[in-house]
Structures are given as structure tokens and as C-alpha cells.
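# Residue-level structural notes
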Amino acid sequence: MNWLERSELLLGKEKLEKLSTMNVLVVGLGGVGAYAAEQLCRAGIGKMTIVDGDVVEASNRNRQLPALISTTGLPKAEILAVRFKDINPKIELTVVNDYIRDEKTLELLNSQPFDYVIDAIDTLSPKVFLVFHAKQLGLNVVSSMGAGGKMDPSKIQSADISKSHNCKLARMMRKRLSRLGLKKGVKVVFSSEEIDENAVRIEEGRNKKSTVGTISYMPPLFGCHIASVVIRDLIAD
């Protein structure tokens, strides 16, 4: 039985075959990126590189796809690689169990002819670096803005970064990219919902200065929106 028969019924054989030839890079496999990558896998994407140097922590279980009691302490990239192969044994996977930034980012972007790049990085500097250099290389990019502190799915939307609003991460991204001469031309998924200040806890950590409260369904919905952007762009005539 053809496991993609429902997808073929919707898209048609030609577009489904087109997806099977596409190569997508997904950087960041947390609450957003893991779900985006899985939706691509289930849609029949032929080739994917998944990147994350993090391991599952107990605090991930409220929202992250690979996070279970049984997977605590295991690398997210490796957990998902096994899962994706169990969905589609034919998918070509490159697994990068590492944090990438600066030169490693450039090496990664130039390592293969990617048809699309998904940025689901949490940390601002490597996020900006990835998006900027992907655009410099002429690659299609979609970037996730902040899902934390948001609760209303109806406020999630995709747009050019210049049109994003009510999102602190988007504001910082716009500012950084603008300094580099990139003011528009980057697709983002964001929520226009206002954040309750009580949902933010200030703290010092390795990669962040604050923790924002997050509900189970919002990061996955961001991931699904991102997958939708990628798939619709890739099959566009």
C-alpha cells in the first residue's frame, strides 16, 4: 500500500514526485523545528539535513516532539533521525548533532545544494547569522519567531519579516538584519498576540537571558505553519 496515497490525492502525482527530489535544511529541533521537520518527512520530502546539538531535558516535555521520560538525556537529532526513518525509510538524512555558528554555519550552508532552509534556532546571534548568510547564497529561507508567551493559534501568521509585529524576537531580528543591509525578503512565522509580562522570567543561562512560559500546542503550530510555507513554495508552479 502506498503510504502517501492521501498526499497524492491532494497534491497529484507530479507535485508529490517533486517533493521527493527536494533537499531541506532544518536548524534547531526544539518545540518548533522538530515538528516542522516531521511534517516535511510525512509529506514525502526526499532529503533533509537536521541540526541540533542539544539533548532532551525534563523541561522540554511540555512542548517538544522528541521529549519523553525515556529519551531524557539523549540527543534530539539522533532521536528524530530514528523516528523519521521509521516514517519514511527512503528519506535521505544527514544528522548534525552539534551547535552551529559562524564558520560551522557557512560550512553547513555550502555543504549541499539546499532547496530550502528552516531556521528554528532559539539564540539570536546564530539565528541572524544563519538567515543572513542563507539569503546571501540565494537560498529560500523561513525563520521562526517567538512562540513563547503566546496562547491564541488564530494570531499565528506567515509574512515577510518587515511585516512582523508584537514579537520581541522579530524586532531584534529586524534590527540586526537591517544593520547588515537586509530589511526585507525573509519569510517568518510569528504571532501578533501580546505577551503577558508575568509569563517571562529573567535569568542568566548559556544561551539566553530569560525564560518565557510556553503552552504545549503553540510551538508545534509554528512548526506546522513553517512546513506549510516550505511545502507550498516547493510545489508552486
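Up top is the structure.
What you see is a predicted model; the values in this text were computed from it and never measured. Per chain, the residues get numbers from 1 upward, laid out in the order the sequence is written. Reporting in this predicted model follows two pLDDT cut-offs: at least 70 for local features of residues, and 80 or more for side-chain atom pairs to be given and counted; totals over whole chains, interfaces and linings ignore these cut-offs and use all residues. Think of the side-chain values as coming from all heavy atoms in the structure, minus any hydrogens and water.

### Notes on the pattern of salt bridges
Any Lys or Arg side-chain nitrogen located within 4 Å of an Asp or Glu carboxyl oxygen qualifies as a salt bridge. Going through the model one piece at a time under the given rule, you end up with seven salt bridges. In this structure, the salt-bridge partner of Arg42 is Glu38, at a minimum N-O distance of 2.9 Å. With Arg42 and Glu38 both in helix α3 (residues 33-43) and four residues apart, the pair spans about one turn of that helix. Of the charged contacts, one joins Asp54 and Lys76 as a salt bridge, the two residues approaching to 3.4 Å between their closest N and O atoms. Here Asp54 is found in the loop between β2 (47-51) and α4 (76-87), whereas its partner Lys76 is found in helix α4, with 22 residues between them in sequence. Connected through shared salt-bridge partners, Glu38, Arg42 and Arg83 make up one network. Runs of H or I in DSSP of at least four residues are treated as helices and runs of E of at least two as strands, each being numbered from the N terminus.

### Observations regarding the sheet that holds strand β6 (residues 156-160)
Here, a strand pair is defined by DSSP locating no fewer than two bridges between the strands. Across the sheet, seven strands lie side by side as β3-β2-β1-β4-β5-β7-β6; this open sheet has mixed pairing. Looking at the sheet topology across the chains shown, the edges are occupied by β3 (92-96) and β6. Strand after strand, the sheet turns through a mean of 15 degrees between neighbouring axes, direction not considered. Bridge count for β2 against β3 is five bridges, and the pairing is parallel. Only the stretch in contact is used when a helix axis is fitted, and all axes are lines through C-alpha atoms; the angle between N-to-C directions ranges over 0 to 180 degrees.

### Overview of the nonpolar core
Here, nonpolar core refers to any group of buried Ala, Val, Leu, Ile, Met, Phe, Trp, Tyr and Cys residues whose side-chain atoms link them within 4.5 Å. Burial status follows relative accessibility: with a 1.4 Å probe on protein chains alone, a residue under 20% of its type maximum counts as buried, one over 50% as exposed, and anything between as partly exposed. If you look at the biggest cluster of nonpolar residues, it comprises 39 residues, and the most contacted ones within it are Val24, Val26, Leu40, Met48, Ile50, Ile118 and Val230. Elements represented by at least two residues in this core include exactly β1 (23-27), α3, β2, α4, β4 (116-119) and α8 (218-234). For this core, the element with the highest residue contribution is α8, accounting for eight residues. With sequence-adjacent residues up to four places away left out, Val230 is seen in contact with Val24, Leu40, Tyr116, Ile118 and Val142. Formed by 30 residues, the second largest nonpolar core is a distinct cluster that contains Leu124, Val128, Val141 and Leu182. Any pair of residues with heavy atoms lying within 4.5 Å of one another is described as a contacting pair.

### Re the side chain of Lys76
Take Lys76: its relative accessible area is 3%, and that puts it in the buried class. Each residue touching Lys76, except ones within four places of it in the same chain, is listed here: Leu29, Gly30, Asp52, Asp54, Val55, Val56, Asn60, Gln64 and Pro66.

### Description of a nonpolar patch on the surface
A patch consists of residues whose relative accessible area exceeds 30% and which take part in no salt bridge; residues with like charges are grouped when within 9 Å of each other, and nonpolar side chains (Val, Leu, Ile, Met, Phe, Trp, Tyr) when within 5 Å. Throughout, the Shrake-Rupley method with a 1.4 Å probe supplies accessible areas, and for residues the shown protein chains are the sole cover considered. Judged by side-chain polarity, Ile195, Val200 and Ile202 come together as a nonpolar surface patch covering roughly 260 Å² of accessible area. Structurally, the position occupied by Val200 is in strand β8 (residues 200-202).

### Re the environment of Lys168
Mapped onto the elements of the fold, Lys168 is located in helix α7 (residues 168-179). Lys168 sits in the exposed class, given a relative accessible area of 53%. Each C-alpha atom of the pair Lys168 and Gly149 lies 11 Å from the other, and the pair is 19 residues apart in sequence.

### A word on a positive patch on the surface
Together, Lys168, Arg171, Lys175 and Arg179 give the surface a local cluster of positive charge. Its relative accessible area of 47% is what places Arg171 among the partly exposed residues. In this tally Asp and Glu are treated as negative and Lys and Arg as positive; neither His nor the chain ends contributes. In this description, the location of a charge corresponds to atom NZ of lysine, CZ of arginine, CG of aspartate or CD of glutamate.

### Re the side chain of Ser192
Residue position: Ser192 is located in the loop between β7 (187-191) and β8. Under the relative-accessibility criterion, Ser192 is labelled buried at 15%. Those residues in contact with Ser192 that sit more than four places away from it in its chain are Lys150, Lys155, Gln157, His165 and Asn166.

### Considerations on α3
Most of α3 sits inside the fold, with nine of its 11 residues counted as buried. Turning to α3, its buried residues are Gly33, Ala34, Tyr35, Ala36, Ala37, Glu38, Leu40, Cys41 and Ala43. Contact partners of the buried residues in α3: α2 (13-19), β1, β2, α4, β4 and α8.

### Considering the layout of surface pockets
Only protein atoms enter the 1 Å grid used here. Points where a 1.4 Å probe fits but cannot escape make up a cavity, open sets with protein on both sides within 12 Å along at least five of seven lines make up a pocket, and a residue lines them when an atom lies within 4 Å of a point. Grid points are joined across faces, edges and corners, and a volume is the space filled by probe spheres set on the points. The space that makes up the second largest pocket amounts to roughly 290 Å³. Every residue lining the second largest pocket is counted, 14 residues in all, and those nearest its centre are Trp3, Leu4, Ser20, Gly44 and Lys90. Among the elements that take part in the lining of the second largest pocket, α2 stands out by supplying three residues, more than any other. Ten residues, namely Ala, Val, Leu, Ile, Met, Phe, Trp, Tyr, Cys and Pro, are considered nonpolar, four, namely Asp, Glu, Lys and Arg, are considered charged, and the remaining ones, Gly among them, are considered polar. Across the lining of the second largest pocket, the residue classes tally to five nonpolar, five polar and four charged.

### Remarks on the packing of α3 against α4
α4 packs onto α3 with a crossing angle of 20 degrees between their chain directions and a minimal axis gap of 9 Å. With respect to α4, the element α3 is oriented roughly parallel. Where α3 crosses over α4, the handedness of that crossing is right-handed. Residues Ala34, Ala37, Glu38, Cys41 and Arg42 of α3 pack against Leu80, Arg83, Phe84 and Ile87 of α4. Oblique is the label for every angle not falling under 35 degrees (roughly parallel), over 145 degrees (roughly antiparallel), or within 65 to 115 degrees (roughly perpendicular). Crossings are assigned a handedness: left-handed for a near helix turned anticlockwise from the far helix by less than a right angle, right-handed for a clockwise turn.

By themselves, these figures tell us nothing about what the structure is for.
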